[in-house]
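So you can see what is in the structure, the chains are spelled out below.
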Amino acid sequence: MNEKAAFLWNFILPKGPLLIGTTLSHYTYGPAKPSWTYKFSLIMALAQSISGHLDARPLKQFQAMSRLNDKLSPVHPGARASDAVVPNSYRDKAAVYVDQILKQEGVDSAMLGWDWKNDPRAEKPLKAEWTETKAKDGSYKEGRTVLYLHGGGYFLCSIKTHRWASWNMARLGGAKVFSLDYRLAPDSPFPAAIHDALAAYLYLIEPPADAGFAPIDPKNIVIMGDSAGGGLTFATMLAIRDAGLPSPGGIIGWSPWIDLLLSMPSVLENTATDYLPAEGFTHGGGASLKKMAKVAHTSVGDDQDALLEKLPPIQHYTNNKLLSCKYVSPVLETNLEGTCPIMLIAGDAEMLRDESIVFVKKHAEAPTNILLRIYDDMPHVFQMFGFLPSARHALKESGDFIRAVTVGGSGVADKSFERVSVTGERRALEADAVPEWKERIGRVGGGPKFLAKL
């Protein structure tokens, strides 16, 4: 059986009832969001069906399925990609800084639950991939670099699954993109990903003589990522600042996952219009928000520590005690002094929308430039759906930001919090977005008051 026939038999045919139901619903009741075409309704239905099985299948099986996608992710014809390896000596250098910032937070190996300094997987090469456009136009500038951290919940995907992002940022940002294959949970949980991201950053700014490129000015680097990679981007920015390292030119988070406590309402309110797993985007399988609510109601009341101790693991990335660490949930950071310009982009229809909004509300008076763009009707990391006008708009905004904040750029506005329509019109973010966020933030599921409603 050839590949196309196998795909039809193993994947499309079993989804027949879903496709028929989606078709009937789309044309009878209308799409889930006004701008969704029939094509996009089908894509979202299939994506929701796949993610809905995330906790039902063994984790290793899902990771293996994710790696199969690597073969379906060729380099774009207009791009040139080359393999790279960050020498392990840079992991050694980064470990000093990771140890420093963890001690500052009062986090030790006992709290982490594993010996991160002696991870056998850290002995394997830290792989990466350079991406650049074959044809350079006037927007390209030598030395301008994007350090890209892929998404995937900290336990899925790779640099290859996110070649679409690397290509677009090389093209629109006029830059070379350095995508990193950081270690994944649960085999290498927190702080392994930050450890690898810091190692890559040190490699870029202080490369060995045989690296094939000159040291890159930190101000000519933009760190960015999507989803968990977006959360890792924010955590890396904080780690760089707290370790006393030179700050990058800026960071970008696409639908950044910066609240692993699942404290904001959109996590449940937007399940019908997003493709992330429902009931709160938990990975532990045994601790969905509804199960948290049951435990809180029957046994622990308002005691968050007792609730987290009683629950099974909520996320694969780290244990329940550390979900409130700022390097795990960067939305909890209280001080942005000494950081760099920040751009956040999220979809109004996605489950992680509110944490981006809360981040900018919390830091509205911070001494750093922050841009927020919330796109109407859009789901999680909608930039990957390149046929959507909103995706093209958001990709261009990101490229403009990269060029603006790096060396020789025009800079960006001090603060700009906007919603963007499907046709590109902008309007100010309303003042009352995410009401009661101050009651929710830092509380698992938003706290007992909100868990009780489940």
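Residues numbered from 1 in each chain as written. Predicted model: local features only at pLDDT ≥ 70, side-chain atom pairs only at ≥ 80, totals over all residues. Heavy atoms only, no water.

- Per an unreviewed UniProt entry, the chain carries the name Alpha/beta hydrolase fold-3 domain-containing protein and comes from Linnemannia exigua.

Re the pairing of strand S7 (residues 342-347)
Link 1 in the chain: By the criterion of burial, S7 is predominantly enclosed, with six of the six residues buried.
Link 2 in the chain: Direction of pairing for strand S6 (residues 250-254) relative to S7: parallel, over a ladder of four bridges. Opposite Gly253, over in S7, you have Leu344 as the bridge partner.
Link 3 in the chain: Relative to strand S8 (residues 370-375), S7 runs parallel, the two being bridged by six bridges. Each bridged residue has a counterpart across the sheet, and for Ala346 the counterpart in S8 is Ile374.
Link 4 in the chain: As a crossover connection, the stretch from S7 through helix H13 (residues 353-362) into S8 is right-handed. (Buried < 20%, exposed > 50% of the residue type's maximum accessible area, 1.4 Å probe, protein only. Helix = DSSP H or I, 4+ residues; strand = E, 2+ residues; numbered from the N terminus. Pairing = 2+ DSSP bridges. Right-handed = clockwise from strand over helix to strand, strands pointing away.)

Details of helix H3 (residues 38-51)
Link 1 in the chain: With 14 residues, H3 should reach 20 Å at 1.5 Å per residue; the first-to-last C-alpha distance of 20 Å fits that figure.
Link 2 in the chain: Turning to H3, its buried residues number three or more, namely Phe40, Ser41, Leu42, Met44, Ala45, Leu46, Ser49 and Ser51. (Expected span 1.5 Å × (residues − 1).)

What about the environment of Leu19?
Link 1 in the chain: Of note, Leu19 is situated in helix H2 (residues 16-29).
Link 2 in the chain: Residues Leu19 and Ser41 lie 22 residues apart in sequence; the distance between their C-alpha atoms is 9.5 Å.

Thoughts on the sheet that holds strand S3 (residues 145-149)
Link 1 in the chain: Strand order in this open sheet of 10 strands is S1-S2-S4-S3-S5-S6-S7-S8-S9-S10, and the pairing throughout is mixed. Because the sheet does not close on itself, it has two edges, and the strands there are strand S1 (79-86) and strand S10 (426-428). Adjacent strand axes in the sheet meet at a mean angle of 20° when their direction is disregarded.
Link 2 in the chain: Here S3 pairs with strand S4 (residues 176-180) via five bridges, running parallel. Note on S4: the bridge partner recorded for Thr145 is Lys176.
Link 3 in the chain: Contacts from helix H7 (residues 163-173) reach S1, strand S2 (126-133), S3, S4, strand S5 (221-226) and S6 within the one sheet, and its direction differs from that of S2 by about 45°. (Axes fitted to C-alpha atoms, helices over the stretch in contact; angles between N-to-C directions. Contact = heavy atoms within 4.5 Å.)

Here's the deal with the nonpolar core
Link 1 in the chain: In this structure, Leu147, Phe178 and Phe190 are the most contacted members of the largest nonpolar core, which totals 129 residues.
Link 2 in the chain: For this core, the leading source of residues is helix H8 (residues 192-205), giving 12 residues. (Core = buried A, V, L, I, M, F, W, Y, C linked by side-chain atoms within 4.5 Å.)

Topic: the packing of helix H5 (residues 88-104) against H8
Link 1 in the chain: Their axes nearest at 8 Å, the elements H5 and H8 cross at an angle of 120°. Relative to H8, the element H5 lies oblique. The two elements H5 and H8 cross, and the hand of that crossing is right-handed. Only His195, Asp196, Leu198, Ala199, Leu202 and Tyr203 of H8 make contact with H5, whose side of the interface consists of Tyr90, Arg91, Lys93, Ala94, Ala95, Tyr97 and Val98.
Link 2 in the chain: Split into classes, the residues belonging to the contact of H5 with H8 amount to nine nonpolar, one polar and three charged. (Parallel < 35°, antiparallel > 145°, perpendicular 65-115°, else oblique. Left-handed = near helix turned anticlockwise from the far one by under 90°. Nonpolar A, V, L, I, M, F, W, Y, C, P; charged D, E, K, R; others polar.)

Things to note about the environment of Thr368
Link 1 in the chain: Mapping Thr368 onto the fold places it in the loop between H13 and S8.
Link 2 in the chain: Put simply, Thr368 and Gly338 are 30 residues apart on the chain and 7.9 Å apart in space, counted from C-alpha to C-alpha.
Link 3 in the chain: Excluding residues within four positions of it along the chain, Thr368 makes contact with Leu336, Thr339, Cys340, Pro341, Ile342, Asp414 and Lys415.

Remarks on the pattern of salt bridges
Close approach of charged atoms allows side chains of opposite charge to pair.
Link 1 in the chain: Inspection of every chain in the model, using the stated rule, returns 28 salt bridges.
Link 2 in the chain: For Asp119, the salt bridge goes to Arg183, with nearest N and O atoms at 2.8 Å. With Asp119 in the loop between helix H6 (109-112) and S2 and Arg183 in the loop between S4 and H8, the pair connects residues that are 64 residues apart, well separated along the chain.
Link 3 in the chain: We classify Asp119 as buried; its relative accessible area is 4%.
Link 4 in the chain: The closest approach of N and O atoms between Arg403 and Asp400, which form a salt bridge, is 2.5 Å. Highlighted residues: Arg403 and Asp400, both in helix H14 (residues 389-405), separated by three residues, approximately one helical turn.
Link 5 in the chain: According to the relative accessible area criterion, Arg403 is partly exposed, its value standing at 27%.
Link 6 in the chain: With a relative accessible area of 25%, Asp400 lands in the partly exposed category.
Link 7 in the chain: Residues joined in a network through salt bridges with shared partners are Arg91, Asp119, Arg121, Arg183 and Asp196. (Salt bridge = Lys/Arg side-chain N within 4 Å of Asp/Glu carboxyl O.)

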